[in-house]
Amino acid sequence: MDIRQYTYISPLGILDIKTEDTALTELRITNRCADNTSFPADVLCINTPQAQENNLLPHIAIIKTWLDEYFSGKEPSVAVELNPHGTEFQLRVWKNLCGIPYGTTTTYGEIAERLNSQSPSRRTSARAVGQAVGRNPIGIIIPCHRVIGSSNKLTGFNAGLDAKVSLLKMENIDTSLMRR
């Protein structure tokens, strides 16, 4: 298994990226900014001038393209191969997150209802969905930021609620009526 680590400088800060073979396994928003961060020699920052497109492995170039398009305010036009590691339940929740259309939101309760309709013999709650969403290892691409609480309440996000609001605004989602 070929495991590699990369970084990407985003408007939210540095993203830590991990791949196994050709699949993305982790994408985490950090609170580090590029101005005061030195990158280890073995961790390539994929969107710096030093990282020419033709030097990137094909699957890394696709991840870079996805992120470039997303952070330029467009719905990404490429598909990234994903391989998040989690429990069977977490994987079911994360698959449902991938079905939330760009520029829209849903609630933890609505996801629980979808899961319950998909597997009536396995009942789940909004709280259980929230715990799985909170463990999402591939932020942004598996769009956990599109999940809000009932009554338009902004709820937890690993990188902080300001980052969640920024991501929602990038997708032209009106956050003015959302409560913290």
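Read on for a plain summary of the structure. These numbers were taken from a predicted model, which means no experiment stands behind them.

A word on the overall build of the protein chain
Step number 1: Assigned secondary structure in the protein chain consists of five helices and six strands.
Step number 2: Beginning at the N terminus, the succession of helices and strands in the protein chain can be written as β-β-β-β-α-α-β-α-α-β-α.
Step number 3: The C-alpha atoms of the protein chain give a radius of gyration of 17 Å, which matches the 16 Å a tight globule of 180 residues would have.
Step number 4: Oriented by its inertia axes, the alpha-carbon framework of the protein chain measures out at about 50 × 40 × 25 Å.
Step number 5: Across the protein chain, the fraction of contacts at a sequence separation of at least 24, relative to all contacts at a separation of at least 6, is 57%.
Step number 6: For the protein chain, the accessible surface area stands at approximately 9500 Å², while carbon and sulfur atoms represent 48% of it.
Step number 7: The centroid of the 19 positive side-chain charges in the protein chain is displaced by 9 Å from the centroid of its 18 negative side-chain charges.

Thoughts on helix H5 (residues 161–170)
Step number 1: Every buried residue of H5 is listed here: Ala163, Lys164, Val165, Leu167, Leu168 and Met170.
Step number 2: Residues of H5 that are buried make contact with strand E3 (23–29), helix H1 (58–71), helix H3 (108–118) and strand E6 (147–148).
Step number 3: Where H5 terminates, the next one or two residues include Asn172, which has phi positive at roughly 60°.

Things to note about the state of the cysteines
Step number 1: Applying the stated rule across the entire model yields zero disulfides.
Step number 2: A disulfide-free cysteine, Cys144 has its sulfur positioned 10 Å from the sulfur of Cys98, the nearest such atom.
Step number 3: On the basis of relative accessible area, Cys144 is assigned to the buried category, the value being 9%.

Focus on the environment of Thr22
Step number 1: Among the structural elements, Thr22 can be located in the loop between strand E2 (13–20) and E3.
Step number 2: Given a relative accessible area of 43%, Thr22 falls into the partly exposed group.
Step number 3: A sequence separation of 112 residues divides Thr22 from Gly134, and the C-alpha atoms of the two residues are 25 Å apart.
Step number 4: Of the polar contacts made by the side chain of Thr22, one reaches the side chain of Glu81; its length is 2.9 Å.

Overview of the packing of aromatic side chains
Step number 1: Applying the stated criterion to the full structure yields four aromatic pairs.
Step number 2: Between Tyr70 and Tyr102 the ring centres are 6.2 Å apart and the planes differ by 85°, which places this aromatic pair in the edge-to-face class. You can see Tyr70 sitting in helix H1 and its partner Tyr102 sitting in the loop between helix H2 (88–98) and strand E5 (106–107), a full 32 residues away along the chain. The pair formed by Tyr70 and Tyr102 is uniform in burial state, with each residue classed as buried.

The rules behind the values
Residues numbered from 1 in each chain as written. Predicted model: local features only at pLDDT ≥ 70, side-chain atom pairs only at ≥ 80, totals over all residues. Heavy atoms only, no water. Helix = DSSP H or I, 4+ residues; strand = E, 2+ residues; numbered from the N terminus. Rg over C-alpha atoms; globule rule 2.2 N^0.38 Å. Contact = heavy atoms within 4.5 Å. Areas by Shrake-Rupley, 256 points an atom, 1.4 Å probe, with all protein chains shown as cover. Lys, Arg positive; Asp, Glu negative; His and termini not counted. Charge placed at Lys NZ, Arg CZ, Asp CG, Glu CD. Buried < 20%, exposed > 50% of the residue type's maximum accessible area, 1.4 Å probe, protein only. Disulfide = S-S within 2.5 Å. Polar contact = N/O pair within 3.5 Å; in protein donor to acceptor, adjacent residues only side chain to side chain. Phe/Tyr/Trp six-rings, centres within 6.5 Å; stacked < 30°, edge-to-face > 60°.

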